[in-house]
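# Examination of the molecular architecture
Take a look at the letters that make up each chain.
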Number of protein chains: 2
Amino acid sequence: MNRLMKPGARERETLLNSGFLASLGVESVAALMEIAIIGNLPARQMLFREGEPADMLHCVLSGYIRLYKLDPDGREADVSLYGPGDLIGASVVLDGGRYAATAQAAEPALLARFDLRRVRDIASRRADLALALVNIVSAQLAASFTSLADDRLHTAPQRVSRYLLDHCPADGKATSFRLPYQKSLLAGKLGLAPEALSRAFSLLRNHGVHVRGRLVHIGDPEALKRV
Amino acid sequence: MNRLMKPGARERETLLNSGFLASLGVESVAALMEIAIIGNLPARQMLFREGEPADMLHCVLSGYIRLYKLDPDGREADVSLYGPGDLIGASVVLDGGRYAATAQAAEPALLARFDLRRVRDIASRRADLALALVNIVSAQLAASFTSLADDRLHTAPQRVSRYLLDHCPADGKATSFRLPYQKSLLAGKLGLAPEALSRAFSLLRNHGVHVRGRLVHIGDPEALKRV
DNA sequence: TACGCGTCTTGATTTCGATCAAACAACGCA
DNA sequence: TGCGTTGTTTGATCGAAATCAAGACGCGTA
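## A look at the interface of chain B and chain A
Facing the 37 residues of chain B at the interface are 37 residues of chain A. Looking at the side of chain B that touches chain A, the elements with two or more residues in it are β6 (76-82), α4 (116-125) and α5 (127-153) of chain B. Per-element tally for the side of chain B that touches chain A: the top contributor is α5 of chain B, with 19 residues. Classifying every residue of the side of chain B that touches chain A gives 21 nonpolar, nine polar and seven charged.

## Quick notes on helix α4 (residues 116-125) of chain A
For α4 of chain A, every residue scored as buried is listed here: L116, V119, R120 and A123 of chain A. Buried positions in α4 of chain A, seen along its axis, are confined to an arc of 100 degrees and lie on one side of it. Of the surrounding secondary structure, the elements contacted by the buried residues of α4 of chain A are β4 (56-62), β8 (109-115) and α5 (127-153) of chain A together with α5 of chain B.

## Observations regarding the nonpolar core
Residues I65, A130 and V134 of chain A together with I65, A130 and V134 of chain B are the most contacted members of the largest nonpolar core, which totals 112 residues. When neighbours within four sequence positions are excluded, A130 of chain A is seen to be in contact with A123 of chain A together with A123, A127, A130, L131 and V134 of chain B.

## Structural notes on the sheet that holds strand β9 (residues 175-178) of chain B
All names here are of chain B. A sheet is described by the order of its strands in space; here three strands give the open sequence β9-β11-β10, paired in antiparallel fashion. Each having just a single partner strand, β9 and β10 (209-212) make up the two edges of the open sheet. On average, each strand axis in the sheet is tilted by 15 degrees relative to the strand beside it, whichever way the strands run. Direction of pairing for β9 relative to strand β11 (residues 215-218): antiparallel, over a ladder of four bridges. For T175, the partnering residue across the bridge sits in β11 and is I218.

Rules used throughout
Residues numbered from 1 in each chain as written. Chains lettered and ligands numbered in written order. Predicted model: local features only at pLDDT ≥ 70, side-chain atom pairs only at ≥ 80, totals over all residues. Contact = placed C-beta atoms within 7 Å. Helix = DSSP H or I, 4+ residues; strand = E, 2+ residues; numbered from the N terminus. Nonpolar A, V, L, I, M, F, W, Y, C, P; charged D, E, K, R; others polar. Buried ≥ 20, exposed ≤ 12 C-beta atoms within 10 Å, placed from the backbone. Arc of directions from axis to C-beta. Core = buried A, V, L, I, M, F, W, Y, C linked by C-beta atoms within 7 Å. Pairing = 2+ DSSP bridges. Axes fitted to C-alpha atoms, helices over the stretch in contact; angles between N-to-C directions.

Below, the structure written as structure tokens:
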């Protein structure tokens, strides 16, 4: 990661709005701001690798970070995807352990980094920080449970339609929106090969879903729920 | 859950050895002991259901608790399995949220329960408790990542052999041991139908694995790693 | 030791998604 | 505007595991 620096006005702003800092009291925010380091990560660059000693906590300010595990043959399985405002769950290792997976920039990203030991020090004095970490990590655990169950219970088109429904207004009206990242990244997040995602989209055409590039139009959200 | 009671000598002993309390200072342990309630749960009984407001933290003293999610048709997908000494991760919801999955006793179980609000109160005064919760939940997050990646990268026989290797001494010598629970439960934990587990075991016979009932004999751990 | 129930195994079939291969589209860049 | 790279779609094939349906085994009980 290059161009390390203290947070400027823009970065402070983004950081304050992130899910991480938003729930903290002013003293904890100040203490974290004090130790925050901002850096950007070019596309495809690794942030950390599975098995490395965990020494930093990372928060995404912009861009997307893909978290994945490797098998012996080098095949990759995505386990998480973090966007603006997200704290990278796998880097919350306060007890001096190791990273559980590899983190890579899916596109150019701006990150805030915090020395883990110092975070631990602050958390041991300021309960709001420790409790916020508990909440964030358990929310991520719940999300991981959802992925796991989805993988085992739903077909590719079902997973895709659930994703689309999660990302559009709940009012049952037709909508359009832009996918926040490339389809191959979405495929990984959903545990699919890119081809399978493509086929799922083409099947969903019969259910009122139209895709061109990153633009998605959903004709009938109610119908989509019944896929 | 019936037969609620204050912890007796036996339960205190088990609780003190659990991963949860083991890392805490004496004051936090005392405070938790003060609010602990012991109860047993008959086989197949639910401890909590997905979506219910989370008001209790649970720690398994004996037996096994299966955590799963349901799909609309009533099919179940196991997301976690907790045994003696484990804190049930899905019940660590300090911010008044809801349980992320359903917990059911896979066999008669003895549990310690803690009122979540009171745990939160203690954690906001005693940093060691809050930090221990962060560590426990993030370890479970890492385990969940591993399951997710395993599902996507490995075949049934591979997942089974990894499980076996995780549960036998690492010294490369032949061993025998007893499965801690029924095979159908193990199948669920590994994300397999019971039939698939059975077929995996029969395939692993060619690799020196012999199973009779819950008794497993591993002839050559090294060979197993290469499956 | 025999009985009966629940668990596990085996077989046959089917479905889903991975993989390989190739055509196609989009985008950045000269 | 044209080219090359990268990302996406489509087609064909293959393999893994779910499912359905019997049958065998193991275990506790009488």
